[in-house]
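Summary of the model geometry
Here's the letter readout for the chains.
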Amino acid sequence: MDVLVCDAQSNSLSWIRQSTSSRYEERILADQLPAPVHSETVDIDQDGDLDILLACMGQVFPNNDLIGSVNVLENTGAERYVSHEIVSDTYRVTDLRAGDFNGDGRLDIAVAKFGYQQGEIAWLENQGGWTFQSHTLSRLPGTVNVAVEDLNGNGSLDIVAIVSQQYEEIHLFENDGEGNFSDRIVFGSTNEDFGSSGISLCDLDQDGDYDILYTNGDGFDYAEPGARPWHGVQWLENDGQAQFTYHRVADLPGAYSPVGIDLDLDGDVDIIAVSGFNEWSKAEAYSLVAYLNNGDEEFEEIPLASIPTHLVSASVANFEGDAFPEIVTGGFHAYPPWGTMSRVRIWSKR
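So, here is what we can say about the structure in this document. (Residues numbered from 1 in each chain as written. Predicted model: local features only at pLDDT ≥ 70, side-chain atom pairs only at ≥ 80, totals over all residues. Heavy atoms only, no water.)

Some words on the sheet that holds strand 19 (residues 244–251)
Taken together, four strands build an open sheet; the order of strands is 16-17-18-19 and the sheet is antiparallel. Single-partner strands in this sheet number two, and they are strand 16 (196–202) and strand 19. Neighbour to neighbour, the strand axes of the sheet diverge by 20 degrees on average, direction disregarded. Strand direction decides the pairing type here: strand 17 (residues 211–216) and strand 18 (residues 232–238), joined by five bridges, are antiparallel. Paired with Y214 across the bridge in strand 18 is Q234. (Pairing = 2+ DSSP bridges. Helix = DSSP H or I, 4+ residues; strand = E, 2+ residues; numbered from the N terminus. Axes fitted to C-alpha atoms, helices over the stretch in contact; angles between N-to-C directions.)

And the structure:
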């Protein structure tokens, strides 16, 4: 397993390659990218190798200009890539996922555009030859993430999107199988400062359908970014037909990037999350936390680390070839303290 890193400070995408067990070398695959913030590997041209989809914001901090873009690095073989900018001069793009939404056999792309005062959720219809037609699903600003799976069990891929700003909502765009979507809000907070920060999909209760993990912990709206008492980790339980029941899992100041994974290998799905905005001067300000499932979807909080601070990204994979998964975290350092920073780190079970 290797790691792809979007670095919005150096405007680059790099590949941290595991050359031999636990030995890593970093190589820049593309530079002069306009603030890349998410990458996704998929064989978009279906030629047998993995290409890289890139969401580029243009600038991370608030901006109304049309500076976002969607880029694809086409894998031509022999570790060489050709860049295609398939969307440009658009709202700041925060996330993207691939899927065949209209059943024509080609992979399309769901796109989240945060914008600022304007924004968009859209899907890009793959028409072949690196040409994509954009279809707007919503004009709301502030979209942080999109996720793609069949959530209502009708055999077609749906799109889930989390919209922050003053909306603080999770939208489900249900697909009829031909690329026609209906929009439904499956969660909304009355707190306009709720700080929606991330979603992911997993079958948390192992009943055969996809649930939604959801964090709220964004602190950019404040003069002094930091913890808020309503920040935390949530689980939206799917009944199999995309009707959801809300569960509060735990409080976590500055919560970001929830991931479902059987961390302790006991057969049920646990949760990890990181903290990007916290009161780092306090000893109990944790940056990496696990929530262990007792099998009945009751969770025990296990703090894993307080240092490094300012973590906003997490992923899980098996890097060492043993039974236990490793955790990869990425940092984002927008405010002090600066003494305990970490760009990319892999965490292994002792």
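Some points on the state of the cysteines
Within the structure shown, the criterion is met by zero disulfides. In this structure C6 is a free cysteine whose sulfur lies 7.3 Å from that of C56, the closest cysteine sulfur available. We classify C6 as partly exposed; its relative accessible area is 23%. (Disulfide = S-S within 2.5 Å. Buried < 20%, exposed > 50% of the residue type's maximum accessible area, 1.4 Å probe, protein only.)

Examining the pairing of strand 9 (residues 108–113)
The buried fraction of strand 9 amounts to six of the six residues, a majority that puts the element mostly inside the structure. What you see with strand 9 is no split at all: D108, A110 and A112 on one side and I109, V111 and K113 on the other are buried throughout. Here strand 9 pairs with strand 10 (residues 120–126) via five bridges, running antiparallel. By the bridge assignment for strand 10, A110 is matched with W123.

Quick notes on the sheet that holds strand 15 (residues 181–188)
An order of 12-13-14-15 is seen for the four strands of this open sheet, with the pairing classed as antiparallel. Two strands lie at the open edges of the sheet, namely strand 12 (143–149) and strand 15, each paired on one side alone. Ignoring which end each strand starts from, the neighbouring axes of this sheet average 20 degrees apart.

Some words on the pattern of salt bridges
On inspection of all chains with the given rule, the structure shows 12 salt bridges. Of the charged contacts in the structure, one is a salt bridge between R184 and E174, with a shortest N-O distance of 3.3 Å. Residue R184 is located in strand 15, and its partner E174 is located in strand 14 (residues 169–175); the two are separated by 10 residues in the primary sequence. Classification of R184 as partly exposed rests on a relative accessible area of 24%. (Salt bridge = Lys/Arg side-chain N within 4 Å of Asp/Glu carboxyl O.)

Points about the side chain of H171
Residue placement: H171 occurs in strand 14. At a separation of 2.7 Å, a polar atom in the side chain of H171 contacts the side chain of E169. Side-chain polar atoms of H171 contact the side chain of D183, separated by 2.9 Å. Beyond its immediate stretch of four places on either side in the chain, H171 contacts L140, I159, V160, A161, V163, D183, R184 and I185. (Polar contact = N/O pair within 3.5 Å; in protein donor to acceptor, adjacent residues only side chain to side chain. Contact = heavy atoms within 4.5 Å.)

Considering the packing of aromatic side chains
In this structure the tally under the stated criterion is 10 aromatic pairs. Ring geometry for F187 and F194: centres 6.1 Å apart, planes at 40 degrees, overall tilted. For F187, a relative accessible area of 13% puts it in the buried group. Following the ring pairs from residue to residue traces out a cluster consisting of F187, F194, Y214 and Y246. We note R345 situated over the ring of W347; from NZ or CZ to the ring centre the distance is 5.7 Å. Across from the ring centre of F324, 5.0 Å away, lies the NZ or CZ of K349, which sits over that ring. (Phe/Tyr/Trp six-rings, centres within 6.5 Å; stacked < 30°, edge-to-face > 60°. Lys NZ or Arg CZ within 6 Å of the ring centre and 35° of its normal.)

Describing the environment of S14
As for its position among the elements, S14 is in strand 2 (residues 12–20). Not counting residues up to four positions away in its chain, the partners in contact with S14 are V3, L4, V5, E26, R27, I28, L29 and R343. Only 2.5 Å separates the side chain of S14 from the side chain of E26, close enough to count as a polar contact.

Some thoughts on the side chain of S39
Inspection of the secondary structure assignment puts S39 in strand 4 (residues 36–42). Take S39: its relative accessible area is 16%, and that puts it in the buried class. The contact partners of S39, leaving out residues within four places of it in the chain, are L4, C6, L13, I52, L53 and L54.

Describing the nonpolar core
Membership of the largest hydrophobic core comes to 18 residues, with the highest contact counts inside it found for V160, I170, I199, I212, Y214, L236 and F244. Counting only elements with at least two residues in this core, the list comes to strand 12, strand 13 (158–163), strand 14, strand 15, strand 16 and strand 17. Among all residues touching I170, those that are not within four sequence positions of it are V160, A161, I162, R184, I185, V186, F187, I199, I212, Y214 and L236. Among the nonpolar cores identified, the runner-up in size contains 17 residues, and V274, A285, A290 and Y335 belong to it. (Core = buried A, V, L, I, M, F, W, Y, C linked by side-chain atoms within 4.5 Å.)

Such coordinate-based values are descriptive only and should not be taken to indicate function.
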